[in-house]
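# What the coordinates show
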2 protein chains.
Amino acid sequence: MLGLFIVILASCCSCTASADVSCGYHSCNLGEAEKLNIHLVPHTHDDVGWLKTVDQYYYGSNSSIVIAGVQYILDSVIPQLLSDPSKRFIYVEIAFFSRWWEEQNDAMKENVKQLVQEGRLEFILGGWCMNDEASTHYNAIIDQMTHGLRYLNDTFGACARPRVAWQIDPFGHSREQASLFAQMGFDGLFFGRLDYEDKENREKIRNMEEIWRGSQSLNSPHADLFTGVDENGYNPPDGFCFDAFCRDQPIMDNQALEDYNVDEKVEKFVAAALKQANHFQTNHIMMTMGSDFEYSNANVWYKNLDKLIKYVNAADKNMTLFYSTPSCYLYALNHANVMWNVKSDDFFPYADAPHQYWTGYFTSRPGLKGYVRESNKYLQVCNQLETFMHFKSASHTLTSSTKVLRDAMGVAQHHDAVSGTSKQHVANDYAKRLFEGREECNKVISTSFTGSNEQLIFCDYLNITLCEFTQSSNQFVVLVYNPLARDVSNYLRIPVNCDDHHVFVVEDLVTSTRLTVQLVPVSEATLSVRRNRGNANCELIFLAKLPALGHNTFQVAKHKSSKSISLLKTKVKKVNNEDVTITNEFYKVKFDGNTGLMASIENIASGITVPVKQDMLWYNASMGNDVSKQQSGAYIFRPNVSTPFQCSNGKPQLSVIKGSNLLVQEVYQKFSDWVWQVIRLYAGKKQIEVEWTVGPIPVHDKWGKEVISRYETNLETNGYFYTDSNGREILERRKDYRPTWHLNQSESVAGNYYPVNSRIYIHDNQVQLTVLNDRSQGGSSLSTGQLELMVHRRLLGEDSKGVGEALNETGQFGDGLITRGKHWLLLDTVTLSAKQHRLLAEEIYMSPLVAFQHHAPSTTHESHITSPLPSNIHLLTLSTTTDGGFLVRVEHQFEKNEDSTLSKPATVSLKNLFTDFQVSSCEELLLGGNAFKQDVTRLSWETTEKLKFVPGVDVVSNFEKPYDVTNGLHQQLDSCDVTLEPMQIRTFLIK
Amino acid sequence: MLGLFIVILASCCSCTASADVSCGYHSCNLGEAEKLNIHLVPHTHDDVGWLKTVDQYYYGSNSSIVIAGVQYILDSVIPQLLSDPSKRFIYVEIAFFSRWWEEQNDAMKENVKQLVQEGRLEFILGGWCMNDEASTHYNAIIDQMTHGLRYLNDTFGACARPRVAWQIDPFGHSREQASLFAQMGFDGLFFGRLDYEDKENREKIRNMEEIWRGSQSLNSPHADLFTGVDENGYNPPDGFCFDAFCRDQPIMDNQALEDYNVDEKVEKFVAAALKQANHFQTNHIMMTMGSDFEYSNANVWYKNLDKLIKYVNAADKNMTLFYSTPSCYLYALNHANVMWNVKSDDFFPYADAPHQYWTGYFTSRPGLKGYVRESNKYLQVCNQLETFMHFKSASHTLTSSTKVLRDAMGVAQHHDAVSGTSKQHVANDYAKRLFEGREECNKVISTSFTGSNEQLIFCDYLNITLCEFTQSSNQFVVLVYNPLARDVSNYLRIPVNCDDHHVFVVEDLVTSTRLTVQLVPVSEATLSVRRNRGNANCELIFLAKLPALGHNTFQVAKHKSSKSISLLKTKVKKVNNEDVTITNEFYKVKFDGNTGLMASIENIASGITVPVKQDMLWYNASMGNDVSKQQSGAYIFRPNVSTPFQCSNGKPQLSVIKGSNLLVQEVYQKFSDWVWQVIRLYAGKKQIEVEWTVGPIPVHDKWGKEVISRYETNLETNGYFYTDSNGREILERRKDYRPTWHLNQSESVAGNYYPVNSRIYIHDNQVQLTVLNDRSQGGSSLSTGQLELMVHRRLLGEDSKGVGEALNETGQFGDGLITRGKHWLLLDTVTLSAKQHRLLAEEIYMSPLVAFQHHAPSTTHESHITSPLPSNIHLLTLSTTTDGGFLVRVEHQFEKNEDSTLSKPATVSLKNLFTDFQVSSCEELLLGGNAFKQDVTRLSWETTEKLKFVPGVDVVSNFEKPYDVTNGLHQQLDSCDVTLEPMQIRTFLIK
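Residues numbered from 1 in each chain as written. Chains lettered and ligands numbered in written order. Predicted model: local features only at pLDDT ≥ 70, side-chain atom pairs only at ≥ 80, totals over all residues. Heavy atoms only, no water.

## A few points about the overall build of chain A
As a reminder of what qualifies: Helical segments are the DSSP runs of H or I of at least four residues, strand segments are the runs of E of at least two, and each set is numbered from the N terminus. Relative accessibility thresholds used throughout: buried, under 20% of the residue-type maximum; exposed, over 50%; partly exposed, between the two (1.4 Å probe, protein chains only). In this description, contact between two residues means that some pair of their heavy atoms is separated by no more than 4.5 Å. Only four residue types enter the charge count, namely Lys and Arg as positive and Asp and Glu as negative; His and the chain termini do not. A single reference atom marks each charge: NZ on Lys, CZ on Arg, CG on Asp, CD on Glu.
The number of helices and strands found in chain A is 19 helices and 44 strands. If one aligns the C-alpha atoms of chain A with their principal axes, the spans along those axes are about 100 × 75 × 55 Å. Of all 991 residues assigned to chain A, the portion counted as buried reaches 67%. Residue pairs in contact within chain A that sit at least 24 positions apart in sequence constitute 75% of those at least 6 positions apart. Separation between the mean location of the 92 positive side-chain charges and that of the 115 negative ones in chain A comes to 5 Å.

## Overview of the relation of the copies chain A and chain B
Mapping one chain copy onto the other needs a rotation about an axis and a shift along that axis. Where we set the bar: The least-squares superposition of copies is restricted to C-alpha atoms, and to residues with a pLDDT of at least 70 in both copies.
Of the two same-sequence chains, chain A is brought onto chain B (RMSD 0.1 Å, axial shift 0.1 Å) by a rotation of 179 degrees. Both copies are brought into coincidence by an operation consistent with a two-fold rotation axis. Rotation axis and chain A: the residue whose C-alpha lies nearest the axis is Asn-297 of chain A, separated from it by 2.8 Å. In this assembly, 100% of the residues forming the interface of chain A have copies in chain B that are likewise at the interface, indicating an isologous arrangement.

## Comments concerning the packing of aromatic side chains
As a reminder, the rule being used: Centre distance within 6.5 Å is the pairing criterion for rings of Phe, Tyr and Trp, where only the six-membered ring of Trp is used; planes under 30 degrees apart are then read as stacked, over 60 as edge-to-face, and the remainder as tilted. Charges are assigned to positions over rings by a cutoff of 6 Å between ring centre and Lys NZ or Arg CZ, combined with an angular limit of 35 degrees from the ring normal.
Summed over all chains, the structure comprises 102 aromatic pairs over all chains. An angle of 5 degrees between the planes, with centres 4.6 Å apart, marks the rings of Tyr-25 of chain A and Tyr-331 of chain A as stacked. Taken together, the positions of Tyr-25 of chain A in the loop between α2 (17-22) and β1 (36-42) and Tyr-331 of chain A in helix α12 (residues 326-335) put the pair 306 residues apart, joining distant regions of the chain. Lying across the ring of Tyr-461 of chain A, Arg-533 of chain A places its NZ or CZ 5.8 Å from the centre. Across the ring face of Tyr-737 of chain B, the terminal group of Arg-734 of chain B is positioned such that the distance to the ring centre comes to 4.2 Å.

## A short note on the interface of chain A and chain B
As a reminder, the rule being used: The buried area of a pairing is the accessible area, by a 1.4 Å probe, that goes missing from both parts when the two are put together, added over both. Every case where a carboxyl oxygen of Asp or Glu lies within 4 Å of a side-chain nitrogen of Lys or Arg is listed as a salt bridge. Definition of a polar contact: a pair of N or O atoms within 3.5 Å, with one able to donate and the other able to accept a hydrogen when the atoms are protein atoms, and with sequence-neighbouring residues admitted only if both atoms are side-chain atoms. All amino acids are sorted into three groups, where Ala, Val, Leu, Ile, Met, Phe, Trp, Tyr, Cys and Pro are nonpolar, Asp, Glu, Lys and Arg are charged, and the leftover types, Gly among them, are polar.
Of the residues lining the interface, 39 residues belong to chain A; the matching set on chain B comes to 39 residues. In total, chain A and chain B occlude about 3200 Å² of area from one another, counting both sides; carbon and sulfur atoms represent 47% of this. Contact with chain B buries area across many residues of chain A, yet Tyr-59, Tyr-72 and Glu-258 of chain A alone supply 20% of it, more than any other trio. The tally of links from chain A across to chain B stands at four salt bridges. In this structure, the salt-bridge partner of Lys-432 of chain A is Glu-258 of chain B, at a minimum N-O distance of 2.8 Å. Between chain A and chain B we count 22 residue pairs in polar contact (both at pLDDT 80 or more) in total. Of all the secondary structure elements, the ones that give two or more residues to the side of chain A that touches chain B are α3 (54-59), α4 (70-83), α11 (298-314) and α15 (424-450) of chain A. If one sorts the elements of the side of chain A that touches chain B by residue count, α11 of chain A sits on top with five residues. Here the residues of the side of chain A that touches chain B sort into twelve nonpolar, 13 polar and 14 charged.

## Notes on the packing of helix α4 (residues 70-83) of chain B against helix α6 (residues 106-117) of chain B
All names here are of chain B. Here is the rule: Axes, fitted as lines to C-alpha atoms, cover a helix only where it is in contact. Angles between the N-to-C directions of the axes lie from 0 to 180 degrees. Geometric relationships in this document are graded by angle, where less than 35 degrees denotes roughly parallel, more than 145 denotes roughly antiparallel, 65 to 115 denotes roughly perpendicular, and other angles denote oblique. Should the near helix be turned anticlockwise from the far one by less than a right angle, the crossing is termed left-handed; should it be turned clockwise, right-handed.
For the pair α4 and α6, the least separation of the axes is 11 Å and the interaxial angle reads 60 degrees. With respect to each other, α4 and α6 are oriented oblique. Crossing handedness for the pair α4 and α6: left-handed. Between α4, through Ile-78, Leu-81 and Leu-82, and α6, the contact on the second element is made entirely by Met-108, Asn-111, Val-112 and Leu-115. In terms of residue class, the contact of α4 with α6 is built from six nonpolar, one polar and no charged.

## What to know about unusual backbone geometry
In this structure, the amide linkage connecting Gly-695 of chain A to the following residue, Pro-696 of chain A, adopts the cis form with an omega of -10 degrees. Mapped onto the fold, Pro-696 of chain A is located in the loop between β27 (688-694) and β28 (705-712). The linkage connecting Phe-348 of chain B with the following residue, Pro-349 of chain B, adopts the cis geometry, with an omega of -15 degrees. Relative to the helices and strands, Pro-349 of chain B resides in the loop between β10 (342-343) and α13 (366-392). Unusually for a residue other than glycine, Asn-577 of chain A sits at a positive phi of about 60 degrees.

## Some thoughts on the side chain of Gln-177 of chain B
You can see Gln-177 of chain B is positioned in helix α8 (residues 175-183). Apart from the residues lying within four places of it in its own chain, the contact partners of Gln-177 of chain B are Asn-131, Asp-132, Glu-133, Ile-141, Gln-167 and Asn-726 of chain B.

## Describing the pairing of strand β6 (residues 209-213) of chain B
All names here are of chain B. What counts here: Following DSSP output, two strands are said to pair if at least two bridges run between them.
The buried fraction of β6 amounts to five of the five residues, a majority that puts the element mostly inside the structure. One ladder, built from five bridges, connects β6 with strand β7 (residues 224-229); its direction is antiparallel. By the bridge assignment for β7, Arg-213 is matched with Asp-224. In this structure, β6 lies alongside β10, joined through two bridges in parallel fashion. Paired with Ile-211 across the strands is Val-342, a residue of β10.

## Here we look at the sheet that holds strand β12 (residues 488-496) of chain B
Strand pairing in a sheet relies on backbone hydrogen bonds. The paired strands run either parallel or antiparallel. All names here are of chain B. Read across the open sheet, the three strands follow the order β12-β15-β14; overall the sheet is antiparallel. The open sheet has two edge strands with one neighbour each: β12 and β14 (517-521). For this sheet, the mean inter-axis angle between neighbouring strands, taken without regard to orientation, is 30 degrees. Sheet analysis places β14 next to strand β15 (residues 538-546), joined by five bridges and oriented antiparallel. Paired with Gln-518 across the bridge in β15 is Ile-541.

## Considerations on the pattern of salt bridges
Between side chains of opposite charge, a pair can form as their charged atoms come close. As enumerated under the stated definition, the model contains 106 salt bridges over all chains in all. Taking the shortest distance from any N to any O, the salt bridge between Glu-210 of chain B and Arg-202 of chain B comes out at 2.6 Å. A salt bridge links Glu-945 of chain B to Arg-213 of chain B; the shortest N-O distance between them is 2.9 Å. Of the two residues, Glu-945 of chain B is situated in the loop between β41 (922-925) and β42 (977-980) and Arg-213 of chain B in strand β6; the sequence distance between them amounts to 732 residues. Among the charged side chains, a network of salt bridges with common partners joins Arg-493, Glu-539, Glu-666, Arg-680, Glu-689, Glu-691, Arg-820 and Lys-822 of chain A.

## Regarding the state of the cysteines
Residue and element names in this part refer to chain A. The cut-off we apply is this: Cysteine sulfurs are considered disulfide-paired once they come within 2.5 Å of each other.
According to the stated counting rule, one finds twelve disulfides over all chains in the structure shown. Paired by a disulfide, Cys-459 and Cys-467 hold their sulfur atoms 2.0 Å apart. In this structure the cystine formed by Cys-459 and Cys-467 twists about its S-S bond by roughly 50 degrees; its chirality is therefore right-handed.

Written out as structure tokens, the structure is:
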């Protein structure tokens, strides 16, 4: 047992105590007390795909687009570092580093290890990528960071653990990201992009660096993160870009040659340094000496930096320049006697100039965004099943099957991937990688169910009622796996062919009971979207009850029986100019026959009825105007006028399926040939499902279009609305307002857009309208009682932010991409809303996985958990690790005070939680899984709040003791009882 | 004496015998006998100025034009070579290398020395630059090669001696260059550019490599040079450019990543190799893997070449790839059992496609070309005087003063410098460097004359009668230095002010005799050119008799005397419609009053009268047409139509100065406001001087203009004409004809242009018309009896050959550069012509140097030579070396059979030649001064001529013995008697 423990320890922290002396902060140059200390940080920013695919960037191929080859960067930097101990370099993106590392010989690997050990090569951030913060889900963020951080730990040991998070390029910064970073043990975060007014203001008041409170639920400082804004984004000061591909003048110091420019360069640099120092509080400043894909010929940078250091230091300007790293700069700040301000809001939306709001990418490429979100579920399912399989058969190779999807998901979180801001061919590559990862996962899933090499059938197009297998089979089995650690029931919709008048029967194989089913004809919208693919003409609907962390099996069979048809097949009725109401036990939703639009929602139990008008509209994308040349593009949202146009020409055409004893009632709206909607009420389900279908967005009128779904109510919301942060905590938003500076609003629509990863809501004192979504979207509330989400956009202009392509997704048929998604509406009292949207949001992003087979598996119904978790606890992670361990993450999924019951602390015992194995030990790790929590002491910071923590209890001053010994794991080794405070996530390496 | 000898030996050849084993050819990989051996030659082509100045290229500044920094190339390549003994690199341009070398620390220098010693870094060519071959003078070529080659020897010893000449980029190749290379000890020459038809033909008949006979006078093989054409210019085969700035796909060999392309790359490379092999005779081919300023990030190249080598060699294609150098390739060819063809013509003109004749640069930037030619004289004067000074005062620092001009002249010979094909700002930089070098030389000259720090006054604008000093002084001294080793007399023309009716007296200070003088009013053309600068209104003309290799002094004084004016001041008479004849004792030149043009020339002594019509005309520069889009540009000459336009509107206006007892008779022709001419006959001078003044060439009509001076005679020349090669041997030219292939002439004018460095002539059986020029120009004979030289060009188009600027020299006044130059005409029998043009050409390029002073120097008349050399021997070089030695070059300046007397061998004794010092030893060197002739054995080649030489006498087979032991120096150590065969140049290190 002890031996085992040591092995695990070694896998996480192979550095011994003596190594600590030479790694971490101890190799830092802290400068000179009486001088301005200038930390020069040589770095490269390597997008994990953008203008080229990640592999093209790695190799440096496809150079007609841009010359950039990451292999050469690492090739080039290492010899520079080896040749001069004073030099430093940081590397960030493990998706690239890992590719490079695998190609190196042993001698090079030893060299690199030595450099890492000595702090000369330092990994910063250390995620698989530098993830987007606006359209990413926290589950995927944690996974991609874990993937990278654990790779570093596996490869280099504890010395390589990044101390600093480095989000220099993402276009806005989420508070949840800060919270997660804090929980990952990062001591600080630096980033480059924030609102230009915010930055100007911060420069003026020397507030470029502060403590960001990442959570309103977690006790400070668990989610507190020192956060600094880079003076120059992530670029060097003007005139000092010395990359091989830069065009600034080099330092020419041979007086015998023409163009000697040392004096001029020194003078210019000193001016830049003094200007920067004037924005910051200490006598230390950091300069980011690098940029996109720079250092492919590191000598050019270093040679000129060497000269810069030499000549400025010699110039007697009371400043000292030296090579440094962000963590050393941070460490120097930590030694400064400064009280830092505290910030509790976030950095959305980002504008780099008036009229240039980067709020378009909240929605850009909705198809890709949806695919990424869905693939997250695949990865979790795959991780879970792989873990179970390991215990069923220890010979099963761990993680090799999931690695493809882990890599792909890591890449897809990049800030030009899921953000939708890459070139089209790169977006295709992201999707292809996810597809290939899912194909590998499908094998895991198949093996898990079949116990053999027999493959299950997976249908990726169930959402458009397209499945070759089910539409052509007379009898088949539906396997449904529920990755949630609680029981759920879900309505499944299976594409079938009902032209030949058969009867359909669904049996629960365990109880052999027949299930109630409903056959719904394939809608006009779906037929349009399917474009002659497939011949299923009905959706077979039934409610699948699923065990926690387990699966259930359903058999579908067709029998000829003319009698049964009328019973099963639902009629669709066209509606003209008359009001329509659908209902279930929870809601009544009424549609106005005159407008064709939703008119009101009644929550039957709560007795609330609110007029709710919902419409599909589009903003005309700006192509620039007299006020500003800014066009709407992949990044930027800029409507030409603030009033959107109606998608319907007149009013939507209504149809309805309703009646008693139906599993689902549906209202169909056809707004136009390219905008459709279905509003559904399922029996027993307490949400109103709105399935929207948009596309191909027509552009023959030369107008780019940004399509929104807008809800108008009579709630007196006064400009306030609420959006989630990466699917977790909720932030209050207010129209034309920023909490930390006086906003001069230049875009009344785009400047009020915020990322909506999982939900947006408005409320008055009593009533809350919540909209959950199935992928990240931009959303806002532009007038009282109103709420809107942008669901799709197709543009003809280009926003001049680098991607160089119009966001004009033509799709596989060439006429424009069609996207279909869902919103779930909740209308209830404010106090009752949280417990609904928390659980429903969990069910959306972890919806059951459906597969098909000819015959039933041996185990038709199984749960891998001994008892379901309480509904406020989410099993966030259950996965194997590359070195034979198992990661478990459990999460309290309610905020403090959000729900009277569910916001209370909750406890789960891991020890006997799983049916497949006994947990014998639970070592608590940092959130990123790359270090034992007890081994890590974060730097502490004095704040202007005068917040003081009792040493040894909550936070430790002088960074000498762990900040969270109360949660240290050794006390819990035996019980593995894990108590979770609201919004807390805890990570364990289990055995 | 012996000790001294050893020291000198070491300075030239510091490599010991044992070093020979590891340097030179011995490190070569000679491949595998049964395979196709592919010599991959990593190389960079670093223009010594072109789009950027040489210093900008060195540092990599001014990157808005192009990113290219030579410092980084050498920085980058050396570590690559050090890391892998199989890798090779060649470096060429010492102007760049020497800059880099001076910046290196000792450790790096030791590393580089080791690499050189082992043949891993090999210097090829080793000139200060890769000189142009069309507009360069042989004196400057030899100097720039010597400057580079001796630098290599001084720095690295004998092992660094380049074996191969490498003229990969110059736009045509002169036979004299081949001859000089042979005499410099090169074993071979490779180049990249030759006529496209020539190349196609050579590929077809596998004649890409042959023996080039560089001289018709020197005995074979002294001027024979193995010469090879590079298959791809100097680039890699299509698709295999792996430079950091190239856009070809890298080799992507990780099958786990996208875009794996090894198979495709191998297949494509094998095809390229087989295609190339089909053009060559042996089972060895060379591929130039590099291009302009490549290898700044050498890893990118080498990493992909490593993969290419690995995968092609592994692919079992019966070929083997390896890193090699041109000399190793040459060595492999030398081992092949092949008889090589012999070529005796040259490679002018160059066309890369129909209508694309690179014959414009023969004339481009006539001002710069003239300045370079004149600066050559300054450098020779400076070298000579520095040598004399050393012996007068040993404390004088050797070569430090001349180095600036040596460097500048080295740079100016570059194939985009004197060629006129650089951008304007770079051309300005070349001129500035020359100016600075001359300023340094002026100090040497001043010290030499004054024996103190007192500076002489130098007037650079004497040619436009502009000299602040002389025009404003009443009394001054003219110092005139003659750099020729024979007595000469020259008419001087000194700007003076004669408005105030003074009398001018010139005295010979030695004999105190007054000289005959003539005062000529400043011409209308000169006034126009001077543009209100200066107020000299007369030219004071007198004949200066000058001692061989020495100076004379003349005092000029003004006295008021009204009586003398009429005697001295010549009248200019306007001429309308009447014939005019000027004459001296040798010539009568008649002008037709009706046409205003020269009509005939009579050689009085020979009794020959030939009708000679001379006119100034211009070709309309093509802006592209339906036949070809090719425009006339800095490189390309392409007239729009083949008939030029007259510069005069109607006829030139004539004026004349004539009368008895005049020193000079002059006819003035004003063709237009921008074209003028003076035809002069000086008393006692056997040449007709034609001074042309052209500019500012008007372009407001949007027509670029290429101005020619055309002579039409009744000589029956049948398309034949003769031009010099770099100022030395004469080549026969023939209209619309090439000696080595059947020409398809696409440009009837431009395709018949050839470089004229010093002279062009036509003749029939009896009579020869010779035109000498003072700078390189393009010239031709487009119809029988006709001869033309292009003197100036100003273009609005661009020829798309890379320079990216129209050759539109606007000059310092912004309206267009004015150029003035001279042609000297000779009309005589064919047999009597050579001795005239040989000596006159020598007097043009080595005309006396004129300086001024207030008072006479202590030594007013001095010759540094004990007795003048015979007129067929030219003292080509007398200079110090950087290591304390002295270089002497003597040259037979007549071709074999050119003159019945002067073409005979001639002997000069160096021992007692100089008055300032005694020569005690004369070690004969290679022409480049970088090795003792006796130590060098050139490779020998079998030719299809079956030329066989008696071993030990003339040539040695199997490259085991010196090829020229008869001229070995040890036999001559005592006498220093040097015998020169026609056109032979011999180089000695003297003590």
